[in-house]
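Topology and contacts: notes
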Amino acid sequence: MEKIYIIGHRNPDFDSVCSAYAYAKLKNRTDPLKEYIAARCGHLPESMKKVFAGLGIEPPVYMRDIYPKVRDIYLTSAVRIDADAPLSTVAASYKATNPSVIPVFEGEKFYGLLSVDDITRWAMEQISKRGKIDEIPKVRDIMRAEEEPVSSSDFFEDAKRKLSSSIKRGLAVVENGTFVGFVTRRCFLKAPKNNIILVDHNEAKQSITGIETANIVEIIDHHRLDAVKTELPIFIDAEPLGSTCTIVYRKYVLEGITPDQDVAKMLLTGIVSDTLILRSPTTTPVDIESANDLAKIIGVDLHEFGLRMFSCMEGMKNRVPKEAVESDFKTYREKNLKIGIGQCECTTLEDLEDYRQDYLAALEDVRKRQGLDWAVLMITDVIREHSVLLITEFRAGSHLPYSLVSDRVYDMPGVMSRKKQLLPEILHAVGE
Ligand SMILES: [Mn+2]
């Protein structure tokens, strides 16, 4: 069955993980001839794992990259030959299948690949020595030494190189040390492309490693469009809503399918997390309506559900500052400047003093390492709808319309959205 991966952006957040999960479930129902697999291209922070554990839901699997692999192309054979069997047993099946290699076993254990070259070489030797073939050998007696197998998780290109530098016509393929099949030169004529649906992002640089080798079949997103180039026309659903999970929920409604409990929980988690429990200015009436529908399906109070999710999050002082800064960090280019803006959510700002210095130092490190002119970090108390802004030393800092509470720390009451509230002020400040 054709496989299609559904994957959110790097540094996965709830919206990208939950929308992939819910969309895969929907697609598997509406398009049962294909297999839709939700995945994520980054590791989950402890706090996210805690939330999924609390919901009792297994999050999408981790995929390091989407490069074609040996597992996408290898062959299996219905014919099993025993190493001690006479070569005549091969003859019986050979006529029908005409294989270039045949897997040979010693009992249950894989022994090696018998190649047509082995048979030809043996036959030629017989003819040149004796002028005829008068005995039938055991299969194992004509096989040449086996080459190192390749792994099903090896990259297509690596395995191709290995086989082309080998004298063999085929190489065995192993998975967790067990023989699963083999590859021949014919497998490598054309690199396969993995199918992918991008959710919660549309830019190649935010996508899974190897996206340039994949076949993008759909994009479902709520960000500004700076989309990857595609070979064929594709389906795009980009809407300026508060979360991708809202778009996915609307698709359930459109199909007349009521999400099951798990899907509803995942969708609501994505919506409340991206919209900061519907209080971020990115929230639209559609998000509110969808979230209310989902809360009703689950049978929970929407606000309590959201607060429970945010309360799982690690406090700022318990996180590794560098990881926290980079976990949701976006870079922008403006007036020849490279600016990075990170955002962290928390449930209190009262302990700011305990971690302020460490985060300012981490922010400066991130700025240097990423070659940025200016880096800022917005820390948002989602309960009190209040943020503070930490910045690296930069002249534009003095143009920010916020009050300075301590060195390189600004107070931003009521500010919840990086995109809608902070970014315009940052761009304005660097323009002055
Ligand atoms: Mn999102």
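Residues numbered from 1 in each chain as written. Predicted model: local features only at pLDDT ≥ 70, side-chain atom pairs only at ≥ 80, totals over all residues.

**Concerning the domain arrangement of the protein chain**
- For the protein chain, the assigned domains read domain 1 (2-68 + 194-311), domain 2 (72-182) and domain 3 (319-431).
- Taking only C-alpha atoms, the centre of domain 1 and the centre of domain 3 are 26 Å apart.
- Contacts between the two partners involve 11 residues from domain 1 and, on the opposite side, 12 residues from domain 3.
- For the side of domain 1 that touches domain 3, the per-class residue count stands at five nonpolar, four polar and two charged. (Domains from an automatic or database assignment. Contact = placed C-beta atoms within 7 Å. Nonpolar A, V, L, I, M, F, W, Y, C, P; charged D, E, K, R; others polar.)

**Re the nonpolar core**
- Counting 84 residues, the largest nonpolar core has Ile-6, Ala-20, Ala-22, Leu-267 and Val-376 as the members making the most contacts within it.
- Considering every element that reaches this core, the biggest residue donor is helix H1 (residues 14-30), with nine residues.
- In this view, Ile-6 contacts Ala-20, Tyr-23, Ala-24, Tyr-36, Ile-37, Ala-38, Ile-197 and Val-199; residues no more than four positions away in its chain are not counted.
- Ranked by size, the runner-up nonpolar core spans 22 residues in total, among them Tyr-74, Val-139, Val-183 and Cys-187. (Core = buried A, V, L, I, M, F, W, Y, C linked by C-beta atoms within 7 Å. Buried ≥ 20, exposed ≤ 12 C-beta atoms within 10 Å, placed from the backbone. Helix = DSSP H or I, 4+ residues; strand = E, 2+ residues; numbered from the N terminus.)

**Re the sheet that holds strand S4 (residues 81-82)**
- With mixed pairing, the three strands of this open sheet are ordered in space as S4-S5-S6. Lying at the two open borders of the sheet, with one neighbouring strand each, are S4 and strand S6 (109-115).
- Looking at chain direction, S4 and strand S5 (residues 101-106) are connected through two bridges and run parallel. What sits directly across from Ile-81, in S5, is Val-104. (Pairing = 2+ DSSP bridges.)

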